[in-house]
Amino acid sequence: MGHTFPSPNVSAAVAAAPGIPPIFCWTKMGAEAGQALADIIRRKDLERECGEGVFGWGIGNSVGPAIKHAKFAEQVPTLEALFTPMKATPKLIDSAPVSIMMWLGYFGDDGHIEALPEHMLITSRGHSGAGEEKRGHYALICRSSEPLTGQPSHQAIDHRAVRNLVSSNPVGASQVTSVVRYRSSDSRDAAYPVLFRAELIDQAFVRLAIPVVLTGKFLDLYRTVCASRKPREWKTGIRALKAATESRWPRTEQKPLFV
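Residues numbered from 1 in each chain as written. Predicted model: local features only at pLDDT ≥ 70, side-chain atom pairs only at ≥ 80, totals over all residues. Heavy atoms only, no water.

Chemist: I keep staring at the overall build of the chain and nothing clicks. Help me out?
Modeler: Along its length, the chain carries five helices and twelve strands. A burial count over the chain gives 49% of its 259 residues as buried. About 12700 Å² of surface is accessible on the chain, with carbon and sulfur atoms providing 52% of the total. (Helix = DSSP H or I, 4+ residues; strand = E, 2+ residues; numbered from the N terminus. Buried < 20%, exposed > 50% of the residue type's maximum accessible area, 1.4 Å probe, protein only. Areas by Shrake-Rupley, 256 points an atom, 1.4 Å probe, with all protein chains shown as cover.)

This is how it looks when you write it as C-alpha cells:
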C-alpha cells in the first residue's frame, strides 16, 4: 500500500447511523492467547503510547483484498477500524491455549520479510482447534491519538445493518474481522457496542511471519511485558524480549515503517 488515494466519491458517503462510518473494518474482540480482553486492550494502549499512536492488532483472517477494494474501488480515503466485544463466551483454545506464539516480522509488498517495529507485540495461540501448529496470522496496523481505554461507548453496531463490502452478504456470526458497508439503522437495541476505534494507516494490513513459540525464558519475558503499567516499563520489557529472540531471527537494520 502507501499509495496516494483519490478523493472520496459520493456513493461512498451514503447515509449511515450517526457516528458509524458507511464503510469500515469491523473487528470483534475477545480473549486471545490466554489473555482476557481487558488486559489485551490495556497492553495495546501502552503499545500505542510507545509507538506515537501506532499499534498492531492481530487477526486470524485476511482482509487485504477487501481493504484495497474500500480504498480504490470505493475511494475511501481513510478507513477506520471499529472494535466491539464478542457476544459469545471465549473458546477454551483462546482463553487457555496449549501454546502462545509471538510474531517477529511480516511480509512486505516485495515479498521480503521485514521486522515489526520494536514497540509492537503481536501474539496468537500456537495451535489450531485440530491441534496443528498455527501457520498463519495477520495484523491490522492502526493509529489513534486517543487512548483505547475510556473512549466514549455510546455508539453501537446493529449487525442487521451490516454487509460484507465485496460480496454484499450478511456478516456471519463466525466472522471476527471483516470490511463492511453499513446502512442507516435507528435500532435502539444494536447488539455490538463500539469500545474504541482507530484509523488504518497506509500499510493497513500485513501477513505476519517468523513465529516464535513462547516457552521458558521467552515466556517469562513476555509475561513481564504484559504486566507493564507504564510506557517506560513497556519499552524496557519489549526491548529485552525481542533481544532474546535475536537468535531465532538475526535481523539487519529495520526500515522506517508504519509512519
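Chemist: Please clarify how the side chain of Asp94 should be interpreted in this entry.
Modeler: Checked against the element boundaries, Asp94 lands in helix α3 (residues 92-95). Within the structure, Asp94 has its side chain in polar contact with the side chain of Arg125 (distance 2.7 Å). Setting aside residues no more than four positions away along its own chain, Asp94 makes contact with Ala31, Glu32, Ala33, Gly34 and Arg125. (Polar contact = N/O pair within 3.5 Å; in protein donor to acceptor, adjacent residues only side chain to side chain. Contact = heavy atoms within 4.5 Å.)

Chemist: Would you mind going over the packing of helix α1 (residues 37-50) against helix α5 (residues 231-244) with me for this structure?
Modeler: At a closest axis distance of 9 Å, the pairing of α1 and α5 adopts a crossing angle of 90°. Here α1 is positioned roughly perpendicular relative to α5, judged by the angle of their axes. Between α1 and α5, the contacting residues are Arg43, Leu46, Glu47, Glu49 and Cys50 on the first element and Pro231, Trp234 and Lys235 on the second. For the contact of α1 with α5, the class distribution of residues is four nonpolar, no polar and four charged. (Axes fitted to C-alpha atoms, helices over the stretch in contact; angles between N-to-C directions. Parallel < 35°, antiparallel > 145°, perpendicular 65-115°, else oblique. Nonpolar A, V, L, I, M, F, W, Y, C, P; charged D, E, K, R; others polar.)

Chemist: I tried to follow the pairing of strand β3 (residues 80-85) on my own but got confused; where do I start?
Modeler: Examined bridge by bridge, strand β1 (residues 23-29) and β3 share five bridges and lie parallel to one another. Pairing of Trp26 across the sheet is with Leu82, part of β3. Sheet topology places β3 next to strand β12 (residues 196-213); four bridges connect them, and they run antiparallel. Within β12, the position partnered with Phe83 by the bridge is Phe196. (Pairing = 2+ DSSP bridges.)

Chemist: Would you explain the pattern of salt bridges in this entry?
Modeler: Pairing is possible between side chains of opposite charge, provided their charged atoms come close. Applying the stated criterion across every chain, the model contains eight salt bridges. Close ionic contact of Arg197 with Glu80 constitutes a salt bridge, the shortest N to O distance being 2.9 Å. Residue Arg197 is located in strand β12, and its partner Glu80 is located in strand β3; the two are separated by 117 residues in the primary sequence. Under the relative-accessibility criterion, Arg197 is labelled buried at 18%. (Salt bridge = Lys/Arg side-chain N within 4 Å of Asp/Glu carboxyl O.)

Chemist: I keep staring at helix α4 (residues 216-226) and nothing clicks. Help me out?
Modeler: Owing to its 3.6 residues per turn, the α-helix brings residues three or four apart onto one side. For α4, the full list of buried residues reads Phe218, Leu219, Tyr222, Val225 and Cys226. Down the axis of α4, the buried side of the element spans an arc of 120°, and every buried residue falls inside it. For α4, the exposed residues lying more than 90 degrees away from the buried face are Lys217 and Arg223. Structurally, α4 contributes buried residues whose contacts are with α1, β4 (100-107), β6 (123-125), β12 and α5. (Arc of directions from axis to C-beta.)

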